[in-house]
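Observations on chain architecture
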Amino acid sequence: MGSDDRVSFTLNDRPVQAACPPERILLDLLREELRLTGTKRGCDLGTCGCCTVLIDGRPTLSCLTLARLVEARSVTTIEGVSPAQGLSAVQRAFVELGATQCGFCTPGFVMTATALLREHPHPSRSEIEQAISGNLCRCTGYLAIVRAIESAAGSAP
Amino acid sequence: MTASDPVADEPLTLLGGRIPYVEGPLKVTGRAEYTDDIRRPNQLVGRLLRSPWPHARLVSVDLREARALPGVAAVLTGERYPTPFGVLPITHDETAIAVGKARYQGDIIAAVAAEDERTAELALEKIRFEVAPLPEYADPEAGTRTVAEPIHARGLAGTNIQKEVVQHFGDVDAAFAKAAHQVRVRGSFAGVTHAFTEPLVTIAEATPDGRLTVWSATQVPHYLHRALSEVLGLPMHRIRVVKPEVGGGFGGKSDPLPHEIACAALSLETGRPVKMLLDREDVFYTNHGRHPTRNDVRIAVDGDGRILAYDVEALIDGGAWSSFGTVTTYYNGVLAMGPYRVPNFRYRGRRVYTTKPPSGAMRAHGGTNIRYSIEVALDQLAERLGLDPFELRARNALPPNSTTVNEFRITSTSFLKCLEAAKRASGWSEKFRKLPFGRGVGLGCGFYISGSNSPIHFTPKMPQSTVHLKVDMDGGIAVHSMQADIGQGSNTLLAAIVAEVLHVDLARVHVQRVDSDVSPIDLGSYSSRVTFMMGNAARSAALQLRAALVAGAATLLGIPPSEVEVGHERFTPRGRAEPAVTFEQALHQAMEKVGALTATGAYQTRPAGGSFKGARAGTAPAYSFSAYVAEVDVDVETGDYRVPKVWAAFDCGRVLNRLAVEGQIEGSVHMGLGQVMGESMNYRASRMLNPSLLEYKIPAPQQMPEVEILLVGDADPEGPFGAKEAGEGPLIATLPAVANALYDAIGCRFTELPITPDRVVRALEERRKEGRPWKGA
């Protein structure tokens, strides 16, 4: 197989190389090839945010990203922001404040929130709402999610 | 609670607090397993062909090309498994794959299993149908008359009417004749859908031992289990239904759905596992959301504002199938019967098949649209009577321990407390009719069933909920039940109730995944039944386990069981700190001769309702009550409006998990705001125009109000630890509160939902034209 059929990138801080035809979508590569199923498939159309991952630290919809476009870049998934033991500050706040109900949108929100807090450690409420407005949640009405992100911003990572 | 119930008088130690979800850490790390996260060895991809025609006779089909395609394992049409099914045993009119004709654009007409997605999709393109178009029936009104080609043969007398309900209690005409005032509201409601984030998905695996395992995103594993058995002709004990984590349901995953059965059929056909993941557009076509509805509500009151009668009609657009429709038809009438005393009541409801995606049950099923029209009508009556809207409602409140005219048994109600709390917290008296033009407050009230008193299935007679507990020498307590956690927190409540009764750490209690091979039957998550019914079953099971542990401790302490005091993870002689027996010591003593301790708890509703036809519809072992105030802020130029705050006073009896209850209320406000402010399934004739989450807009974070939650319920006498439902009822009051607040703000009444900015602008223009000034504008 020639190099044209592969993609090489950093995934959760480790180098990976994977077979990758040009039309492969990043979400499919992550879920179906690499079996990282924490990233969720909600719509396949870029409308729900469940598949949010970080590419070079920026929240990105993996269902709208051709996998080959992450060549030589850094991809972080929910598996990459979850500590080996325990939970991150964002994750802890989501659990404790009821920001996860059915949980299907949650990995996407955790990725968005993690990126937001890295860039703006103390975001305003409207900055939080703006940041999460690409992620749909049908359970919480977003209020607990905003509170969790505010709470995580106030605590050590 | 009886005298023999040892926990009745104990203070709660865990329940009543804020209990984070037990599976929360799995969800926030992406480690919770949903159906699509499962992959079986040698799994095939299942795909469905959907009808592009709204109504068509399937004359013939040519599957040869599709079957000949390399990589195609099976191609099925409806004739292979033609047995009809449906969630209600009395209206089996659905098929896994259409037989004979397609009834809506999106109806499944063929199914394919192939080695990969691309092959499956190519195969769908190679299926050739010859069809004869049939008349399209988009309008339910037209379907009430004789039609050329009824959508279903079982429609009423040559029409498309699926169900007609006519009820009359008391004498409505006499009541109207002596009324001091009467008001009429004709409401019109667009269809809305659940829009859960996890798409519909099923995996089925037929195995050489003659069994079939089905993993599915379902709210009611038991109904799926029954439907699979009926359609596929396999006994239930050869089918195993597993419910992994479910990414939201809201009613949309409560029917057994055709793709679930088609997926299983493909697996039986191929002998291999098949995964069927529906894309988002197909999820919209599957729908089963809230019915597009028109209702006509007349209310008569006396000179003091006491309700004399309701006269209600409803015309309900059912879409292509029955689904829960018979229940829907009753609910659109009988769920008018609270939270007020209504001495005379007449109802005529008709649910009509149309060639649209099927409607079904959605959060606060059947109660939402009727409640809207009634609460808007009461707002008008209050104005006419010169009464404060709170006062009008307080005068009519159903008293506790009463019976409605249609024989609902009302036990606990803290409705008056809801009214008081909402009025005080919202600063109502300083705001109502006093805020400047464009701003206003409105009141809406609701009530809802805490579970349906009658299960859907009567054969065999069995409890509504069953919970099994098992504790072995490791001291972990395994909990099995077919209740379905879909995000509302029922696993957490189940674990917490067991921990509370036994006075053990929550971490000891492990709620097992729903698996029909080992989980005892519970009827699942619908009709807001879980807390009440599963809660009572869990409490009963835990009490039995507790008695066994107390007996073990008593033996070790050398005292009679009645002298044992149960502390947290320890047992002592009553009133003394020492000597103490640990949980494990008591357990091991109790196990000595019998091995692992097991217990079964069950809950069954007691008979309720009258003896007339349809009397059971709407009966429940308890009802929740609510009073919400919404504040709105209208841009009178653009018609755009915001809801800055909602005060939500709710009576769910005793609150068992405050975190979950608040989450249900906030989520319900969000969903209610969606329906009142903007959500709508749009159609051109019967073709859906917006089957995507981009075009079907749910409210954004920026549109969410602050929600002040006021939990004021008194303990219910029959609920587990005094609890009632909080999963669906909290949605209802949101809609009329917003509509009535808009009236206070701009003097315009809205009877057509959703109330979009263009409708607001048009209403403002009309009011100006009519020369009706409002608050100086």
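These figures come from a predicted structure and were not determined experimentally. (Residues numbered from 1 in each chain as written. Chains lettered and ligands numbered in written order. Predicted model: local features only at pLDDT ≥ 70, side-chain atom pairs only at ≥ 80, totals over all residues.)

What about the domain arrangement of chain B?
Residues and elements named next belong to chain B. When cut into domains, chain B gives domain 1 (24-32 + 455-603), domain 2 (43-370) and domain 3 (397-454 + 618-769). For domain 1 and domain 3, the distance between their C-alpha centroids amounts to 36 Å. At the interface, 16 residues of domain 1 touch 20 residues of domain 3. Counting only elements with at least two residues in the side of domain 1 that touches domain 3, the list comes to helix H13 (490-502) and helix H14 (530-557). In terms of residue count, the dominant contributor to the side of domain 1 that touches domain 3 is H14 (six residues). (Domains from an automatic or database assignment. Contact = placed C-beta atoms within 7 Å. Helix = DSSP H or I, 4+ residues; strand = E, 2+ residues; numbered from the N terminus.)

Section: the environment of Phe432(B)
Relative to the helices and strands, Phe432(B) is located in the loop between helix H12 (428-431) and strand S18 (439-449). Take Phe432(B): there are 21 C-beta atoms within 10 Å of it, and that puts it in the buried class. (Buried ≥ 20, exposed ≤ 12 C-beta atoms within 10 Å, placed from the backbone.)

Regarding the sheet that holds strand S6 (residues 128-133) of chain B
Residues and elements named next belong to chain B. Strands sit in the order S4-S2-S6 across an open sheet of three strands; the sheet is antiparallel. The open sheet has two free edges, formed respectively by strand S4 (101-102) and S6, since each of these has just one partner strand. As paired elements, strand S2 (residues 56-62) and S4 share two bridges and run antiparallel to each other. Bridging across to S4, Arg57 finds its partner in Lys101. (Pairing = 2+ DSSP bridges.)

Points about the nonpolar core
Residue and element names in this part refer to chain B. Counting residues in hydrophobic clusters, the biggest one holds 302 residues, and the most contacted among them are Ala262, Val498, Tyr628, Ala649, Val738 and Leu742. Among the elements that line this core, the one with the most residues is H14, at 15 residues. Setting aside residues up to four positions removed in sequence, Val498 forms contacts with Leu469, Ile477, Val479, Val509, Ala538 and Ala542. (Core = buried A, V, L, I, M, F, W, Y, C linked by C-beta atoms within 7 Å.)

Notes on unusual backbone geometry
Residues and elements named next belong to chain B. Cis rather than trans, the peptide bond between Gly338 and Pro339 has omega equal to -5 degrees. Among the secondary structure elements, Pro339 is positioned in the loop between helix H8 (325-334) and strand S15 (344-353). With an omega of 0 degrees, the peptide bond between Leu753 and Pro754 qualifies as cis. Relative to the assigned elements, Pro754 resides in the loop between strand S32 (752-753) and helix H19 (757-769). Phi is positive for His288, which is not a glycine, with a value near 65 degrees.

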